[in-house]
Amino acid sequence: MIFYTNIHLPVSKQHVQVREMNMQEYTVLQKHLMESSDADASMNMLSLAQLCCKQDIQHLCNVDAFYILCKIRTMSLGDELQFVFNEVSIRCSLEDCIQKMQSMDFNCKKVLMVNGMPIELNLPQMLSIKDYADVLEGVIAKVGGIELHSLSAVDRIRVLDSLPATVMEQCIEFTKQGFATMQLHWFIQPNASAGTPGIELNAFNNSLLEILKFIFKDDLMNTYNLKYILASKLHITPAQADALSPVECRIYVSLLNDEVSKQNKQLQDQNNSSKYNL
């Protein structure tokens with residue numbers, strides 16, 4: 001039976017149900033993160049988020065998608081984070097970071113009036129953002145009351161191409177403001193002072209994707225070693241292992257290690273006792 005957790009998204013304020021990823025999904029993600037471009041990594045991340053959600057989340061902005069993926073990470077791999085990113089040593093609770101996001105004000109909507117027609121701007125949808133051109137399609141959320149995410153790709157392009165150049169200029173200005181104002185210290189050390197370095201994440205650049213790649217990525221060999229131990233020592237078939245979550249697999253291996261340690265200690269105690277009796 002698959003168990004889902006209900007979460008409240010910080011931007012759209014929607015409730016969605018998410019589950020932990022299984023080992024098969026995690027292994028596929030590892031392979032993609034090793035070799036893929038940023039655009040492919042973004043697509044694979046969003047595909048994973050959709051796989052683990054009951055609801056359709058294709059229309060969500062990148063901050064909500066980031067939030068979902070962080071939640072999936074805590075459910076599947078645990079809460080603790082410890083790594084070095086951009087020469088900053090980070091040790092923190094990912095769940096604490098998730099809770100901080102709930103308290104932030106993400107009201108970034110702006111409405112432009114162009115020839116009497118309202119055009120609503122919002123946070124971008126893409127995780128992979130290299131320049132302003134990448135961000136524009138996601139930033140323009142509604143044109144004349146029509147939600148762009150409800151249109152086909154061809155119709156979205158047609159609507160965007162019909163907009164005056166002045167609209168695009170204002171959209172670019174909106175993203176520039178976003179670059180300047182959406183600086184969020186989401187990852188900092190526990191009990192850190194106000195001046196402690198952290199990681200600044202921004203909805204209008206590539207930082208969301210970069211940190212996601214970092215907190216999900218692992219040595220693929222570790223994943224295969226884990227599966228090998230489950231198969232050789234615990235007789236769990238590859239199909240059964242793929243259906244488990246990564247954290248479940250690690251719990252089984254940890255229990256096995258504890259059992260082996262106890263057996264080794266008992267054997268050592270017996271050997272010492274034998275020597276003493278002699």
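Above this note sits the structure.
Since we're looking at a predicted model, the values are computed, not measured.

(A) Highlighting the overall build of the protein. When helices and strands are counted, the protein shows 11 helices and 10 strands. Within the span of the protein, comprising 278 residues, buried residues form 42% of the whole. Taking all contacts inside the protein whose residues are at least 6 apart in sequence as the whole, residues at least 24 apart take part in 64%. When the accessible surface of the protein is split by element, carbon and sulfur atoms take 52% of a total near 15,200 Å².

(B) Just the pairing of strand β1 (residues 5–8), in detail. With 4 bridges connecting them, β1 and strand β2 (residues 15–18) associate as antiparallel partners. Considered in β2, the bridge of I7 is made with V16. What sits between β1 and β2 in their antiparallel hairpin is a turn of 6 residues, with K13 showing a positive phi close to 65°.

(C) Representation of the sheet that holds strand β8 (residues 146–147) within the structure. On the basis of which strands lie adjacent, the open sheet formed by 4 strands has the order β5-β6-β7-β8 and antiparallel pairing. The open sheet is flanked by β5 (110–114) and β8, the only strands paired with a single partner. Taken together, the 2 bridges between strand β7 (residues 140–143) and β8 define a ladder with antiparallel strand orientation. Bridging across to β8, V143 finds its partner in I146.

(D) Representation of unusual backbone geometry. Residue K13 is not a glycine yet carries a positive backbone phi of 65°. The residue K13 is located in the loop between β1 and β2 in this model. Residue classification places K13 among the partly exposed residues on the basis of a relative accessible area of 44%. You will see that H235, though not glycine, has its phi angle at about 55°, which is positive. Considering the arrangement of structural elements, one finds H235 in the loop between α9 (220–234) and α10 (238–243).

(E) Region of interest: the side chain of D38. Relative to the assigned elements, D38 resides in helix α2 (residues 38–51). Sequence-distant contacts of D38, that is, excluding residues within four places in its chain, are made with S128, K130, N206, L209, E210 and K213.

About the criteria used
- Residues numbered from 1 in each chain as written.
- Predicted model: local features only at pLDDT ≥ 70, side-chain atom pairs only at ≥ 80, totals over all residues.
- Heavy atoms only, no water.
- Helix = DSSP H or I, 4+ residues; strand = E, 2+ residues; numbered from the N terminus.
- Buried < 20%, exposed > 50% of the residue type's maximum accessible area, 1.4 Å probe, protein only.
- Contact = heavy atoms within 4.5 Å.
- Areas by Shrake-Rupley, 256 points an atom, 1.4 Å probe, with all protein chains shown as cover.
- Pairing = 2+ DSSP bridges.

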